[in-house]
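Letter by letter, the chains look like this.
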Amino acid sequence: MFLLSRLPLALVAGLRVCAVGPKECRVSVPYRWMNRNPFRSTYFAALAMAAELSTGVLAMAATLEHPVKIALLVVKLESEYFKKATGSTVFTCLDGEALRATVKRAVDEGQPQQFTAVSTGVNEQGVPVASFHITWSFRAKS
């Protein structure tokens with residue numbers, strides 16, 4: 001329901017949150033007609049959506065642990081591609097604890113804080129396809 005109400009493009013692209021916990025989040029993106037580029041692989045924007053969602057779920061969860069409202073925003077995105085994504089790709093972010101610590105620092109210090117989360121996508125054989133470094137900014141609202 002969250003994808004439908006907040007991220008309809010992710011829903012249309014077929015993104016699915018496979019697993020989420022305090023330390024990690026896994027998001028899959030299928031290889032299908034809508035996500036395909038002219039080179040017969042998954043379009044980089046669909047891969048970026050899955051990577052961002054895997055970090056964003058953890059970032060949003062970290063902000064919900066505090067009674068104050070916290071603004072969060074992606075301020076930088078870097079990516080590397082290792083192999084054509086020609087099947088389902090699963091992105092995993094393992095930075096849940098670090099994101100929570102960064103949000104806590106933003107609340108405690110009253111100053112904006114940034115953290116660069118890493119999400120790595122692997123194909124169905126477990127071979128790395130791409131890696132995204134997504135920098136989040138957190139600011140406690142007064």
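These numbers were taken from a predicted model, which means no experiment stands behind them.

S.K.: A description of the overall build of the protein chain should follow, citing residues and the corresponding values.
M.R.: When you go through the protein chain residue by residue, the secondary structure sums to four helices and six strands. For the protein chain, the C-alpha radius of gyration of 15 Å lies close to 14 Å, the compact-globule estimate for 142 residues. Along the longest, intermediate and shortest principal axes, the C-alpha atoms of the protein chain span 50 × 30 × 25 Å. In the protein chain, buried positions account for 39% of the 142 residues. In the structure as shown, the protein chain presents an accessible area of about 8,100 Å², 58% of it carried by carbon and sulfur atoms. Side-chain charges in the protein chain split into 16 positive and 10 negative, and the spacing between the mean points of these groups amounts to 9 Å.

S.K.: A description of the packing of aromatic side chains should follow, citing residues and the corresponding values.
M.R.: Within this structure, the stated rule accounts for three aromatic pairs. Their ring planes at 90° and their centres at 5.8 Å tell us that Y81 and F132 sit as a pair that is edge-to-face. Separated by 51 residues along the polypeptide, Y81 in strand 3 (residues 70–81) and F132 in strand 6 (residues 128–140) bring together distant segments of the chain. Taken together through their ring pairs, the aromatic side chains of Y81, F91 and F132 make up a single cluster.

S.K.: Break down the pairing of strand 5 (residues 113–122) for me, with residues and values.
M.R.: By the alternation rule, side chains of strand 5 split into Q113, F115, A117, S119 and G121, which are all buried, and Q114, T116, V118, T120 and V122, of which none is buried. Where strand 4 (residues 89–93) meets strand 5, four bridges bridge the pair, whose relative direction is antiparallel. Counterpart to T92 in the pairing with strand 5 is T120. Hairpin connection from strand 5 to strand 6: five residues lie between these consecutive antiparallel strands, with G126 at a positive phi of about 85°.

Cut-offs applied
Residues numbered from 1 in each chain as written. Predicted model: local features only at pLDDT ≥ 70, side-chain atom pairs only at ≥ 80, totals over all residues. Heavy atoms only, no water. Helix = DSSP H or I, 4+ residues; strand = E, 2+ residues; numbered from the N terminus. Rg over C-alpha atoms; globule rule 2.2 N^0.38 Å. Buried < 20%, exposed > 50% of the residue type's maximum accessible area, 1.4 Å probe, protein only. Areas by Shrake-Rupley, 256 points an atom, 1.4 Å probe, with all protein chains shown as cover. Lys, Arg positive; Asp, Glu negative; His and termini not counted. Charge placed at Lys NZ, Arg CZ, Asp CG, Glu CD. Phe/Tyr/Trp six-rings, centres within 6.5 Å; stacked < 30°, edge-to-face > 60°. Pairing = 2+ DSSP bridges.

Geometry only, nothing functional implied.
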